[in-house]
Amino acid sequence: MAEGRVYNFSAGPSVMPLEVLEEVQKELVNYKGSGMSVMEMSHRSKEFMTIASEAEKDLRDIFGVPSDYKVLMNQGGATLQFASIPLNMLGTEGKADYLVTGQWSEKAAKECNKYGTGQVACNTKASKFTTIPGKSEWKLDPEAAYVHYCDNETVSGVEFSYTPDVGSVPLVADMSSNFCSRPVDVGKHAYIYAGIQKNLGPAGMAVGFVHPSYAGGQHELKICPTYMSFKTTADNGSMYNTPACFTMYVMGEYLKYTKKKGGLAYWAEQSDKKSTMLYNCIDGSDGFYCCPVEKSSRSRMNVPFTIKGGNEELEKKFLDGAKKEKLYTLAGHRSVGGCRASLYNGMPIEGVEKLTSFMKSFMDENRN
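Residues numbered from 1 in each chain as written. Predicted model: local features only at pLDDT ≥ 70, side-chain atom pairs only at ≥ 80, totals over all residues. Heavy atoms only, no water.

### Side note on the overall build of the protein
Using the following cut-off: Note on conventions: DSSP H or I runs of at least 4 residues are helices, E runs of at least 2 residues are strands, and numbering of each starts at the N terminus. Both definitions apply: the radius of gyration is a C-alpha atom measure, and the globule rule equals 2.2 Å times residues to the power 0.38. Accessible area is worked out with a 1.4 Å probe on protein chains only. A residue is then buried under 20% of its type maximum, exposed over 50%, and partly exposed in between. For this analysis, residues touch if any pair of their heavy atoms sits within 4.5 Å. Only the protein chains shown count as cover for residues, and all accessible areas are computed by the Shrake-Rupley method using a 1.4 Å probe. Counting rule for charge: Lys and Arg are taken as positive, Asp and Glu as negative, and neither His nor the chain ends is counted. Working definition for charges: the position is that of NZ of Lys, CZ of Arg, CG of Asp or CD of Glu.
Tallying secondary structure elements over the protein gives nine helices and 14 strands in all. Relative to the globule expectation of 21 Å for 368 residues, the C-alpha radius of gyration of the protein, 21 Å, shows essentially globular dimensions. On the principal axes, the C-alpha backbone points of the protein span a range of 65 × 55 × 30 Å. Here the protein, with 368 residues, has 55% of them falling under the buried criterion. Taking the intrachain contacts of the protein between residues at least 6 apart in sequence as the baseline, contacts between residues at least 24 apart amount to 68%. About 15,900 Å² of surface is accessible on the protein, with carbon and sulfur atoms providing 50% of the total. In the protein, which carries 41 positive and 42 negative side-chain charges, the distance between the mean positions of the two groups comes to 2 Å.

Structural data, given as structure tokens:
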């Protein structure tokens, strides 16, 4: 770890690989001899057009994006996509199914209701979003315009371990918090979108992979703002206006690093090692630590846990003690409390080793 750095377990924006940050730092003032920073150059310049085209090529290579799919680089993060999706995909059907397994899929369904009908095909709020129900419990409408799911819920820490089978209805996935952490079958989806500030760069942009049948405006509602149109974005190479240039550049550096390390298989292996290590620590604590999520639905990215059944005084003591060990941003989401460790790509294994070591010593000191 570099001098003065801490192990940052933030849910996003989140820790990035030191090698990527150092490469950005090296080129910050004078990018490849251009005499200017990427932050200063025109998005139409030869230098930046090369950055953008290389980023798209690397996205396609790493994720195996089918050649006829369009790659979108949208400003506004994934939350803006909650509106963009119904505006571009509802078409004449006017209704879509949503698998509600956490706060983000719940917000996406509510947003759809502004432009059509967001039908809740399943909802695990009664269980405090701690499980992902089996397909037999979903109420899917074969005439829905699409089925939307959130592959990993950041707040509650649940993750799909499979691609949902929804028959012939187009499938849409919010992959914001596990994007670039494991291989993805892009071809099974009509649209995949992800804010990149978890596993692929800084905040400010959402990547999208869109099936050609939705990239041409055929299903776009008349009220869709020009700037939110999939067709407009695709036709203009994600440069209808000035894009999030610096964010796109840093993402490009992260993608190059990903290729160098071995692609999505490498990140998947790292994620499995880190999450297994932490869950083993929690499960082996004889109830001192507890993860509320059903084991089959546990996230590899976001691990929520309580201490002694949600003892707030003890959890505060834990968070304060963790900081002294350079373990930062371990508080749970403000809506659910407790603790949460986010294990994104940028978190090195030694950070999780240090966390579990601290958790064991804290347990020994505070068990009684």
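Now that the structure has been shown, we can carry on.
### Considerations on the pattern of salt bridges
Side chains carrying opposite charge are able to pair once their charged atoms draw close together. Filter applied, for reference: Salt bridges are defined as contacts in which a side-chain nitrogen from Lys or Arg sits within 4 Å of a carboxyl oxygen from Asp or Glu.
Taken as a whole, this structure holds 22 salt bridges when the rule is applied. Note that Asp 141 is salt-bridged to Lys 95, the shortest N-O span being 2.9 Å. In this pair, Asp 141 sits in the loop between strand S4 (117–123) and strand S5 (147–150) while Lys 95 sits in strand S3 (residues 95–100), placing the two residues 46 residues apart along the sequence. We classify Lys 95 as partly exposed; its relative accessible area is 21%. Here the salt bridges share partners, and the residues they tie into one network are Lys 57, Asp 58, Asp 61 and Lys 259.

### So, the packing of helix H8 (residues 312–324) against helix H9 (residues 349–366)
Operational definition: Each axis is a line fitted through C-alpha atoms, taken for helices only over the stretch in contact, and angles between the N-to-C directions span 0 to 180 degrees. Any angle that falls under 35 degrees is termed roughly parallel, while one over 145 is termed roughly antiparallel, one within 65 to 115 roughly perpendicular, and all others oblique. A clockwise turn of the near helix away from the far one marks a right-handed crossing, whereas an anticlockwise turn of less than a right angle marks a left-handed crossing. Classes in brief: Ala, Val, Leu, Ile, Met, Phe, Trp, Tyr, Cys and Pro nonpolar; Asp, Glu, Lys and Arg charged; the others, Gly included, polar.
Closest axis-to-axis distance for the H8/H9 pair is 11 Å, and the angle between their directions is 135°. Accordingly, the angle class assigned to the pair H8 and H9 is oblique. In this structure, H8 meets H9 at a crossing whose hand is right-handed. The segment H8 lies against H9, with Leu 314, Lys 317, Phe 318, Gly 321 and Ala 322 engaging Leu 355, Phe 358, Met 359, Phe 362 and Asn 366. Partitioning the contact of H8 with H9 into residue classes produces seven nonpolar, two polar and one charged.

### Focus: H9
Rule in force here: Here the expected length of a helix is defined as 1.5 Å per residue gap, with one fewer gap than residues.
The end-to-end C-alpha distance of H9 is 26 Å, a good match for the 26 Å that 18 residues give at a rise of 1.5 Å each. Burial in H9 covers these residues: Ile 349, Gly 351, Val 352, Leu 355, Thr 356, Phe 358, Met 359, Phe 362, Met 363 and Asn 366.

### Things to note about the environment of Pro 66
Among the structural elements, Pro 66 can be located in the loop between helix H2 (46–63) and strand S2 (70–75). For Pro 66, a relative accessible area of 23% gives the class partly exposed. Spatially, the C-alpha atom of Pro 66 lies 8.8 Å from that of His 211, the residues being 145 residues apart in sequence. If we ignore the near neighbours within four places in the chain, the residues touching Pro 66 are Arg 60, Val 186 and Gly 187.

### A word on the packing of aromatic side chains
Our working rule: Between the rings of Phe, Tyr and Trp (Trp by its six-membered ring), a pair exists once the centres lie within 6.5 Å; its type follows the angle of the planes, with under 30 degrees stacked, over 60 edge-to-face, and the other angles tilted. Two conditions define a charge sitting above a ring: the NZ of Lys or the CZ of Arg must be within 6 Å of the ring centre, and it must be within 35 degrees of the ring normal.
This model, assessed by the stated rule, comprises 22 aromatic pairs. Between Tyr 289 and Phe 305, the aromatic rings sit 5.9 Å apart at their centres with planes inclined by 85°, giving edge-to-face as the arrangement. Here Tyr 289 is found in strand S11 (residues 289–290), whereas its partner Phe 305 is found in strand S12 (residues 302–307), with 16 residues between them in sequence. Of the aromatic side chains, those joined through ring pairs into one cluster are Phe 288, Tyr 289, Phe 305, Phe 318, Phe 358 and Phe 362. If you follow Lys 107 out to its NZ or CZ, it ends over the ring of Trp 104, 4.4 Å from the centre.

### Points about a nonpolar patch on the surface
Rule in force here: Put simply, a patch holds well-exposed residues, over 30% relative accessible area, that have no salt bridge, with like charges counted together within 9 Å and Val, Leu, Ile, Met, Phe, Trp or Tyr side chains within 5 Å.
A surface patch of nonpolar side chains, amounting to about 300 Å² of accessible area, comprises Leu 28, Val 29 and Met 39. Inspection of the secondary structure assignment puts Val 29 in the loop between helix H1 (18–27) and H2.

### Description of the side chain of Thr 154
Convention followed: We call two N or O atoms a polar contact when they sit within 3.5 Å, provided that within protein one can donate a hydrogen and the other can accept it, with sequence-adjacent residues counted only if both atoms are side-chain atoms.
Relative to the helices and strands, Thr 154 is located in the loop between strand S6 (152–153) and strand S7 (158–159). A polar atom in the side chain of Thr 154 sits 3.1 Å from the side chain of Ser 177. Excluding residues within four positions of it along the chain, Thr 154 makes contact with Ala 11, Trp 104, Ser 177, Lys 198, Asn 302, Arg 340 and Tyr 344.

### Comments concerning the sheet that holds strand S14 (residues 339–342)
For clarity, the threshold we go by: Paired strands, in this sense, are two strands between which DSSP finds at least two bridges.
Strand order in the open sheet formed by three strands is S11-S12-S14, with antiparallel pairing between adjacent strands. At either margin of the open sheet sits one strand with a lone partner, and together these are S11 and S14. Sheet topology places S11 next to S12; two bridges connect them, and they run antiparallel. Bridge assignment links Cys 290 to a residue of S12, and that residue is Thr 306.

Treat this as a map of the structure, not an account of what it does.
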